[in-house]
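In case you want the letters, here they are:
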Number of protein chains: 2
Amino acid sequence: MASYHHGDLRRVLLTTAAAAIAESGPAALSMRDLARRAGVSHAAPAHHFGDKAGLLTALATQGFDLLADALRAADGDLLDAGVAYVGFAVRHRAHFDVMFRPELYRADDPELVAARARAGELLRGGVARRTGGQRDADALAAWSIVHGFATLWLAGALPPRVGGDPQAAARSVIGRLFA
Amino acid sequence: MASYHHGDLRRVLLTTAAAAIAESGPAALSMRDLARRAGVSHAAPAHHFGDKAGLLTALATQGFDLLADALRAADGDLLDAGVAYVGFAVRHRAHFDVMFRPELYRADDPELVAARARAGELLRGGVARRTGGQRDADALAAWSIVHGFATLWLAGALPPRVGGDPQAAARSVIGRLFA
DNA sequence: ACCCTAACTTGTCATTGACAAGATGGCATC
DNA sequence: GATGCCATCTTGTCAATGACAAGTTAGGGT
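What you are looking at is a predicted structure, and each value in this text was computed from that prediction instead of being measured. (Residues numbered from 1 in each chain as written. Chains lettered and ligands numbered in written order. Predicted model: local features only at pLDDT ≥ 70, side-chain atom pairs only at ≥ 80, totals over all residues. Heavy atoms only, no water.)

Help me out: how do you make sense of the overall build of chain A in this one?
Across its full length, chain A carries nine helices and zero strands. The secondary structure elements of chain A, listed N-terminal to C-terminal, are α-α-α-α-α-α-α-α-α. If one aligns the C-alpha atoms of chain A with their principal axes, the spans along those axes are about 60 × 40 × 25 Å. Each of the 179 residues in chain A was classed as buried or not, and the buried ones make up 49%. Pairs at least 24 apart in sequence give 68% of the contacts found in chain A among residues at least 6 apart. For chain A, the computed accessible surface area is about 8,600 Å², with 53% contributed by carbon and sulfur atoms. One way to put it: in chain A the 20 positive side-chain charges average out to a point 3 Å from where the 18 negative ones average out. (Helix = DSSP H or I, 4+ residues; strand = E, 2+ residues; numbered from the N terminus. Buried < 20%, exposed > 50% of the residue type's maximum accessible area, 1.4 Å probe, protein only. Contact = heavy atoms within 4.5 Å. Areas by Shrake-Rupley, 256 points an atom, 1.4 Å probe, with all protein chains shown as cover. Lys, Arg positive; Asp, Glu negative; His and termini not counted. Charge placed at Lys NZ, Arg CZ, Asp CG, Glu CD.)

Here is the structure:
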């Protein structure tokens with residue numbers, strides 16, 4: 001038997017939830033099924049997250065932090081940042097799914113707000129190095145195109161001819177911006 | 001008392017469901033609450049749609065048809081088609097929300113597949129008039145940018161400075177493509 | 001040795017989705 | 001105009017779920 005005090009349950013629940021959501025979407029996630037997968041009682045998740053919205057808030061927060069990490073690695077280059085954005089969405093599909101669905105979680109949670117602000121800062125930074133032009137509109141266009149591509153990819157809405165490598169396809173698409 | 005045979009229930013349920021989803025998202029939609037809003041018994045919706053997935057399949061199908069109508073009105077112009085796409089997303093938020101969430105409905109439903117194909121045809125048509133370039137990648141970029149903008153707008157993820165008119169903002173953003 | 005509290009469990013309740021079976025009434029057919 | 005048919009809608013029921021209340025366990029500080 002595992003010890004009565006799991007000790008690491010919160011993290012395990014988050015990763016398990018991410019896996020479950022990646023399979024069937026946030027709507028299909030059940031607190032009780034999550035508890036079952038983690039081998040704990042049906043009320044254990046509620047202890048750590050309060051309720052379902054609490055869990056998804058934690059997931060979204062983690063997601064914004066992961067996105068910030070991914071963008072940091074691109075180091076300010078617009079194209080790389082865009083590709084990294086798509087890469088993040090594909091690698092962390094569950095987080096991405098939840099992050100932009102604020103009705104599922106508590107969008108005013110302080111930790112969530114802070115993490116989102118950090119990621120937003122890096123997102124804007126990716127465009128900052130471009131010279132001239134209307135920076136705001138450029139940033140918005142860049143964000144829109146990568147977000148749209150990632151969303152369509154994840155939804156399976158893109159035709160097969162796009163190919164199997166989302167990051168490569170994204171690179172080609174982003175190239176159409178400011179061409 | 002309303003007559004025992006409602007006669008128009010199916011359509012009423014679809015519009016009521018769209019309103020409910022526009023308020024709180026597809027996840028929060030309850031068949032029983034839907035029945036309550038429509039003033040019918042809790043099992044009436046299931047008669048028309050089978051189950052929740054059936055209802056959302058019907059909504060998505062209707063959504064693709066509405067999108068096709070909106071695109072047709074743009075008459076082949078790329079910029080107009082993009083603005084129309086965003087306008088559709090904002091005006092028919094619930095439909096748009098469901099359409100690109102295939103795990104919520106039966107993506108292989110024949111009527112759904114047909115409606116989606118019709119809309120897809122018009123979508124590609126919006127880019128067809130452009131001369132030269134790699135048409136596929138151009139179409140993908142255009143779709144991505146309008147879809148991303150619409151998604152971000154609906155998620156409330158855009159900063160306030162973007163303003164209150166999504167179609168105007170979209171026009172400016174789309175202008176960054178092929179500039 | 002003691003308690004204090006975080007971590008988890010058991011128990012419960014209203015609500016939900018899905019299904020089964022019954023009731024109603026318009027409509028075609030004779 | 002009586003009869004039968006069947007789509008439409010209702011009532012009834014069941015397992016599963018989310019949320020909450022109350023109890024149990026163990027580890028750490030004093």
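Don't stop here, the text continues.
What should I look at first to understand the nonpolar core in this one?
Burial of nonpolar side chains together is a common tendency in soluble globular proteins. Counting 119 residues, the largest nonpolar core has L55(A), L56(A), L55(B) and L56(B) as the members making the most contacts within it. For this core, the element with the most residues is helix α8 (residues 135-155) of chain B, which contributes eleven residues. Each residue touching L56(A), except ones within four places of it in the same chain, is listed here: I21(A), L29(A), V98(A), L104(A) and Y105(A). (Core = buried A, V, L, I, M, F, W, Y, C linked by side-chain atoms within 4.5 Å.)

Please explain helix α4 (residues 52-74) of chain A as it appears in this structure.
Along an α-helix, a turn takes 3.6 residues, which lines up residues three or four apart on a common side. Between its terminal C-alpha atoms α4(A) stretches 33 Å, which fits the 33 Å expected from 23 residues at 1.5 Å a residue. After α4(A) finishes, the residue D75(A) shows a positive phi value of roughly 55 degrees. (Expected span 1.5 Å × (residues − 1).)

Just checking my understanding: could you explain the interface of chain B and chain A for this structure?
Size of an interface, as often reported, equals the accessible area lost when the parts are brought together. In this complex, chain B contributes 36 residues to the contact, which on the side of chain A involves 36 residues. Surface buried jointly by chain B and chain A totals about 2,900 Å² across both partners, of which 65% is contributed by carbon and sulfur atoms. Among the residues chain B hides against chain A, the three largest losses belong to L140(B), L152(B) and R176(B). Together they make up 21% of the total. Ionic pairing is found between R176(B) and D138(A), a salt bridge with its closest N-O pair at 3.0 Å. Here chain B and chain A share two residue pairs in polar contact (both at pLDDT 80 or more) between them. Residue assignment for the side of chain B that touches chain A shows that the elements contributing at least two residues are α8 and α9 (166-174) of chain B. Residue composition of the side of chain B that touches chain A, by class: 20 nonpolar, eight polar and eight charged. (Buried area = accessible area lost by both parts, 1.4 Å probe. Salt bridge = Lys/Arg side-chain N within 4 Å of Asp/Glu carboxyl O. Polar contact = N/O pair within 3.5 Å; in protein donor to acceptor, adjacent residues only side chain to side chain. Nonpolar A, V, L, I, M, F, W, Y, C, P; charged D, E, K, R; others polar.)

Whenever I open this one, the relation of the copies chain B and chain A confuses me. Can you help?
In this arrangement, two copies of a chain are superimposed by a rotation about an axis accompanied by a shift along the axis. Of the two same-sequence chains, chain B is brought onto chain A (RMSD 0.0 Å, axial shift 0.0 Å) by a rotation of 180 degrees. Overall, the copies show the geometry of a two-fold rotation axis. Comparing interface residues between copies, 100% of those in chain B also sit at the interface in chain A, which points to an isologous, same-surface contact. (Least-squares fit on C-alpha atoms with pLDDT ≥ 70 in both.)

Please explain the packing of α4(A) against helix α5 (residues 78-91) of chain A as it appears in this structure.
Residues and elements named next belong to chain A. Following both chains from N to C, one finds α4 and α5 inclined at 145 degrees, their axes separated by 8 Å at the closest point. Along this stretch, α4 crosses α5, giving a crossing that reads as right-handed. Across the interface between the two elements, G63, L66, L67, A70, L71 and A74 of α4 pack against D80, A81, A84, Y85 and F88 of α5. Taken together, the residues that form the contact of α4 with α5 break down as nine nonpolar, one polar and one charged. (Axes fitted to C-alpha atoms, helices over the stretch in contact; angles between N-to-C directions. Left-handed = near helix turned anticlockwise from the far one by under 90°.)

I tried to follow the environment of L104(A) on my own but got confused; where do I start?
Take L104(A): it is sitting in the loop between α6 (93-99) and α7 (110-128). On a C-alpha basis, the gap between L104(A) and A60(A) in space is 9.8 Å, while along the polypeptide they are 44 residues apart. Sequence-distant contacts of L104(A), that is, excluding residues within four places in its chain, are made with P26(A), A53(A), L56(A) and A27(B).

What am I meant to see in the side chain of T16(A) here?
Residue and element names in this part refer to chain A. Looking at where T16 falls in the secondary structure, it is placed in helix α1 (residues 9-24). Given the relative accessible area of 15%, T16 is considered buried. In this structure T16 touches L34 and R37, once residues within four positions along its chain are discounted.

Can you help me understand the packing of aromatic side chains in this one?
Within a pair of aromatic rings, the relevant descriptors are the distance that separates the centres and the angle that separates the planes. Taken as a whole and judged by the stated rule, the model has ten aromatic pairs over all chains. Cluster of aromatic residues (ring-pair linked, three or more members): F64(A), Y85(A), F88(A), F96(A) and F100(A). (Phe/Tyr/Trp six-rings, centres within 6.5 Å; stacked < 30°, edge-to-face > 60°.)

Which parts of the structure should I look at to understand the pattern of salt bridges?
On inspection of all chains with the given rule, the structure shows 22 salt bridges over all chains. Across the pair R11(B) and D8(B) runs a salt bridge, and its minimum N-O distance is 2.7 Å. Judged by its relative accessible area of 54%, R11(B) is exposed. Overall, D8(B) belongs to the partly exposed group, its relative accessible area being 31%. A salt bridge links R106(B) to D51(B); its shortest N-O distance comes to 2.8 Å. Highlighted residues: R106(B) in the loop between α6 (93-99) and α7 (110-128) and D51(B) in the loop between α3 (44-49) and α4 (52-74), separated in sequence by 55 residues. Accessibility expressed as a relative area gives 35% for D51(B), which makes it partly exposed. Among the charged side chains, a network of salt bridges with common partners joins E23(A), D33(A), R36(A) and R37(A).

Geometric descriptors of this kind do not, in isolation, establish any biological role.
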